[in-house]
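# What the coordinates show
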Amino acid sequence: MAEGGVPAPEGRKLTPQSQLKEFGKSILAAALLGRWEEIFFRLTTLSRLLAKLAVAAMLRRKTKVEAWLGAPVISLSSPPTRWAKLWIWLPLVPFGRRALLTLLKVKRWQVLLASAGATWWAVHSARKAMVAESLEYRRAQKKLSKKVDKAETYAEWVSARTALETHEGKSQDARARWDRETSLYDRELLQARLAHLLKIREKGDVAEMVYALRTDMLRNLGNMSNKDLYKDRAEVPKPIQDYIQEVTLQLKYVTHYEFPDFNVEDKLSFLRETRHAFGRTALVLSGGGSLGTFHVGVVKALHEQNLLPRVLSGSSVGALICAIVCTRTDPELVDLMEKFCYLDLSFFNNSSLPQILKHIISKGSLHDIGFLAYRLRVLLGDYTFQEAYERSGRVLNICVTAANTNEPPKLLNYLTAPNVVIWSAVAASSAFPFLFMPTDLLARNRQGEFVKYLNIDKTHCSDRRWRDGSLEEDLPTNGVSEMFNVNYFLVSQVNPHIVPWLALKNVFPRKLSYLIISEWKHRCQQLAEILPNWFPKHMFLVFCQRWEGDVTVYKNTSIMSYIAMLVKAAMNPTSYSLKVAIAEGQRNTWPKLAAIQANCAIEQTLDECMWELKKSVNNSMLKQRGRIPSWLNVDTISRENSENSLLSPSISAEEETRNRKGKKRDEIHIMQ
C-alpha cells in the first residue's frame, strides 16, 4: 500500500504524480459518499506529500542551480551568441583586453546580486521621492483644511474651500462633475426655460412676462433641489444660477414696472398666488438644552446671506431661539447677532450638587421652573404671538405637550393661540421631565391681564399643565406645512440622543446608514405599541419622530466630544462657550448655503417684492376687499390670451362666468 492509504497495484510502485491522481480520486469518492472525516485525513496526508515533493525537487535542482550561479557571465568555451560576437572587437578598444579579462572573471551570482542591489536602490529612491511629494501634498492639504475650519466669514470659507478643491484636483475634473450633475437634474429643461424668459424680456412684453412667470415657476423645477447636487460644493451649478438670476430680475422688473392697466393691486395678486404656488420655507430648531446655542450660529449664517425664513418653529431651547428672533425687528436682529455671545442665558438656578439634590427631594426636578419663567420674561418681554407677528413679520411656532391629559401635541402660533404670552409658551416647551416641572400657559385677556390659557372653571381643564413639545413632536413639520403652505424645511438638530444617529452617515455609506436608522425607528415603534400603558413610552417615542428636513445641519461629534456634549446639555452657557457654539453653527451651515440659496432665492425675492408693494397699497382698499384680491379675479392685460397660450377665444364665456363667481365670493367674504 502506498503512503497515505492509497493502494498501489501489485508489481509496481506508484510515482508521485500517480499518487496525486489517486488522492484526487479518493477525495472525490469520499465527498460523494459524505465521509468528511476521511476527506480531512486525506487532505492532511496530501499536504505532507506535496511538501516532500517540493523538497525533493529543490534537492535535485540544487547542483544545477549552484553550477549555473557559479559560472562566469561570459564563457569562451560556449558557442558565441549574436550579442556575444560583439565582444570580439573589445581588444581593439583601448584597455579592451583588460576589460575582457575582468568580464571573464565575473560570476552570474555577482551580476544577480548587483542587479538586486540596483533595483532596491532605484525603488527606494523613487519611494522616497514619492513620500516627500506626498508629505508635501498632505501638508498643503492639512493647511488648507485648517483655513476652512478657521474661516470667520462665509467669503473666507468659500475662498478656502475653492483652494482646497483645486489642490485636491476636484475642480480640474470638470467633465466628471458635469456628467455627475447632468444625471441629478434636468439641465436641458432649465436652459430651455431660461432661453424662453430671455426672449420675452428682449421683447419688453410685460403681459407675456407675467404669464411666463406664473405658468411654470416651481421650487423643484427640473429636480434642481436635489440634495446630492450640492454635496461638498460651495456654489450653485451655473445653469441653475442663471435661471434663478433671470427669474429674480424679471420679478423685480414686474414689481417696479408702471403701466395703467397693471396697478399695484394686480401686482400683489400675481405675487401672492405665485408665492403660494411656489411654497414657503421654514426653519425648525430642535431641543437639546444648552446645546441649543448651536442654533444661533445657524440663524446668524442664514441672516447674513438674507436667507432666514419668515416661518420659524422650535421646541425647548429651539423655541427660545425662535422667540428671540421673532420678537425683534430686522435692525434689532442685526444688532443682536453681533452681541448675542454677551447675553446672560442662565436658566438653570442650581449649579452645585447639594442644591440639585435638595431641589430633587423638595420639588421633584433638577431646576426651578419659576426661575426659568422669570429669566425668559426678562429676555423676551410680554409679547403675545399676535404682537410678535405684527412687530417682526415673522411667524413663530412653538410646540408643547399636555402633561396631565391625552391631548396630542399643540402647535402655538398667531393663528392657533394669538393671545398666549410667548415667554410662558417657551417655559412650557422647555419643561423636560425631571429637568423642570410642567407649567401653565398664560394668555392676556381683553383687559390686558394675565390669565390661564383656556381656563374653564369647575372642570379638569382648570388645571391643565404643559411640558416639552419635543417628547412627542420635536419637529412639527406637518402642522407648519398645513397652516403656512411650507414645502421646504431647514432643520438644525442638536438633540444628544439624535446626533449620534445622524453621524452614522459619515461612517457608513448613505444607503446602509439609512437602513440602520430605519430599523432602529421601527423597533422603537414596535416597543411603544407592545408595552403596557403604565410603562413610560416617551423614551421610545422620541426615536420614532422625524429627525431631518430637506436640509439638516447638525453638530459633528466624536466619542469624546459626545461625552462633553452630554455634560454641557444641562449647564448654563458662558460667554466663551456661546462664542464657540455660534462659530460652530456657522461653519456647519456654510456647506449647506448653496442648496438653500438654490431653493430659497426666488422665494426671498417674492417676499421682498410683496413687502415693497404692500407699503404702497391703499389701506382703504384692503379694508373694503377684506384681503388682497385674487389673481383669478383680476381682469388685466396679464389675463389676456398670450401668443404662447393654449386658450382659445371660444372659452371667453367661461372666463366671464368664473369672474362673476369670484366677485360673488368676495361679496360673501365682505359680509362675513
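Since the structure is predicted, the reported quantities are computational estimates derived from the model, not experimental observations. (Residues numbered from 1 in each chain as written. Predicted model: local features only at pLDDT ≥ 70, side-chain atom pairs only at ≥ 80, totals over all residues. Heavy atoms only, no water.)

Below, the discussion takes up the overall build of the chain. Counting its regular elements, the chain contains 26 helices and nine strands. Evaluated residue by residue, the chain yields a buried proportion of 40% over its 672 residues. The contacts of the chain with a sequence gap of at least 6 include a subset with a gap of at least 24, amounting to 76%. Carbon and sulfur atoms provide 58% of the accessible area of the chain, an area that totals close to 38,500 Å². (Helix = DSSP H or I, 4+ residues; strand = E, 2+ residues; numbered from the N terminus. Buried < 20%, exposed > 50% of the residue type's maximum accessible area, 1.4 Å probe, protein only. Contact = heavy atoms within 4.5 Å. Areas by Shrake-Rupley, 256 points an atom, 1.4 Å probe, with all protein chains shown as cover.)

Attention now goes to the pattern of salt bridges. On inspection of all chains with the given rule, the structure shows 15 salt bridges. Arg 201 is the partner of Glu 246 in a salt bridge, and the nearest nitrogen-oxygen pair spans 2.6 Å. With Glu 246 in helix α9 (residues 238–256) and Arg 201 in helix α7 (residues 187–203), this residue pair connects regions lying 45 residues apart in the sequence. A relative accessible area of 36% means that Arg 201 is categorised as partly exposed. A salt bridge links Lys 505 to Glu 548; the shortest N-O distance between them is 2.5 Å. (Salt bridge = Lys/Arg side-chain N within 4 Å of Asp/Glu carboxyl O.)

The next point concerns the layout of surface pockets. A volume near 1,600 Å³ is recorded for the largest pocket. Around the largest pocket sit 39 residues that line it, and Lys 231, Asn 506, Thr 552, Tyr 554 and Lys 592 are the ones nearest its centre. It is helix α20 (residues 510–530) that provides the largest number of residues to the lining of the largest pocket, a total of six residues. Classifying every residue of the lining of the largest pocket gives 14 nonpolar, nine polar and 16 charged. Counting the residues that make up the lining of the largest pocket, at least three belong to each of domain 1 (187–278) and domain 2 (283–452 + 463–598). (1 Å grid on protein atoms, 1.4 Å probe; cavity = no way out; pocket = protein on both sides within 12 Å on 5 of 7 lines; lining within 4 Å. Points joined across faces, edges and corners; volume = space filled by probe spheres on them. Nonpolar A, V, L, I, M, F, W, Y, C, P; charged D, E, K, R; others polar. Domains from an automatic or database assignment.)

UniProt annotation of "short sequence motif: GXGXXG" (unreviewed entry) refers to residues 287–292 when read in the numbering used here. The distance from the first to the last C-alpha atom of residues 287–292 is 7 Å, and the span holds 0% helix and 0% strand. (UniProt positions renumbered as here; feature names shortened; annotations may be inferred.)

What follows deals with a nonpolar patch on the surface. Together, Val 507, Phe 508, Leu 512 and Leu 515 give the surface a local cluster of nonpolar side chains, amounting to about 370 Å² of exposed area. Relative to the helices and strands, Phe 508 is located in the loop between α19 (499–502) and α20. Of the residues examined, Phe 508 reaches a relative accessible area of 33% and is grouped as partly exposed. (Patch = residues over 30% accessible without salt bridge, like charges linked within 9 Å, V, L, I, M, F, W, Y side chains within 5 Å.)

To continue, consider the packing of aromatic side chains. Scanning the model with the defined rule gives eight aromatic pairs in all. Residues Tyr 154 and Trp 590 carry aromatic rings whose centres are separated by 6.5 Å and whose planes lie at 50° to one another, so their mutual orientation is tilted. In this pair, Tyr 154 sits in helix α5 (residues 154–168) while Trp 590 sits in the loop between α23 (575–589) and α24 (593–616), placing the two residues 436 residues apart along the sequence. Each member of the pair, Tyr 154 as well as Trp 590, is classed as buried. With 5.4 Å between their ring centres and 80° between their planes, Trp 520 and Phe 543 make a pair best called edge-to-face. Within this pair, whereas Trp 520 is found in helix α20, its partner Phe 543 is found in the loop between α21 (538–541) and β9 (551–554), the two being separated by 23 residues in sequence. Three or more aromatic residues joined by ring pairs make a cluster, and in this case those are Trp 501, Trp 520, Phe 543 and Trp 547. (Phe/Tyr/Trp six-rings, centres within 6.5 Å; stacked < 30°, edge-to-face > 60°.)

Here Asn 223, not a glycine, exhibits a phi torsion of approximately 65°, which is positive. Mapped onto the elements, Asn 223 comes out in the loop between α8 (206–215) and α9. Take Asn 223: its relative accessible area is 33%, and that puts it in the partly exposed class. Phi is positive for Ser 316, which is not a glycine, with a value near 60°. By the secondary structure assignment, Ser 316 is in the loop between β2 (311–314) and α12 (317–326). With relative accessibility at 8%, the residue Ser 316 sits in the buried group.

Over its 21 residues, α20 runs 30 Å from end to end, which matches the ideal 30 Å to within 8%, given 1.5 Å per residue. Turning to α20, its buried residues are Ser 513, Ile 517, Cys 524 and Ala 528. Along the axis of α20, the buried positions cluster into a sector of 45°, meaning they face one direction only. Turned more than 90 degrees away from the buried face of α20, the exposed residues are Lys 511, Leu 515, Glu 529 and Ile 530. (Expected span 1.5 Å × (residues − 1). Arc of directions from axis to C-beta.)

Okay, the side chain of Thr 255 next. With respect to the secondary-structure elements, Thr 255 resides in helix α9. Using a relative accessible area of 5% as the deciding quantity, one classes Thr 255 as buried. Engagement of the side chain of Thr 255 in a polar contact is seen with the backbone oxygen of Leu 251, the distance being 2.7 Å. (Polar contact = N/O pair within 3.5 Å; in protein donor to acceptor, adjacent residues only side chain to side chain.)

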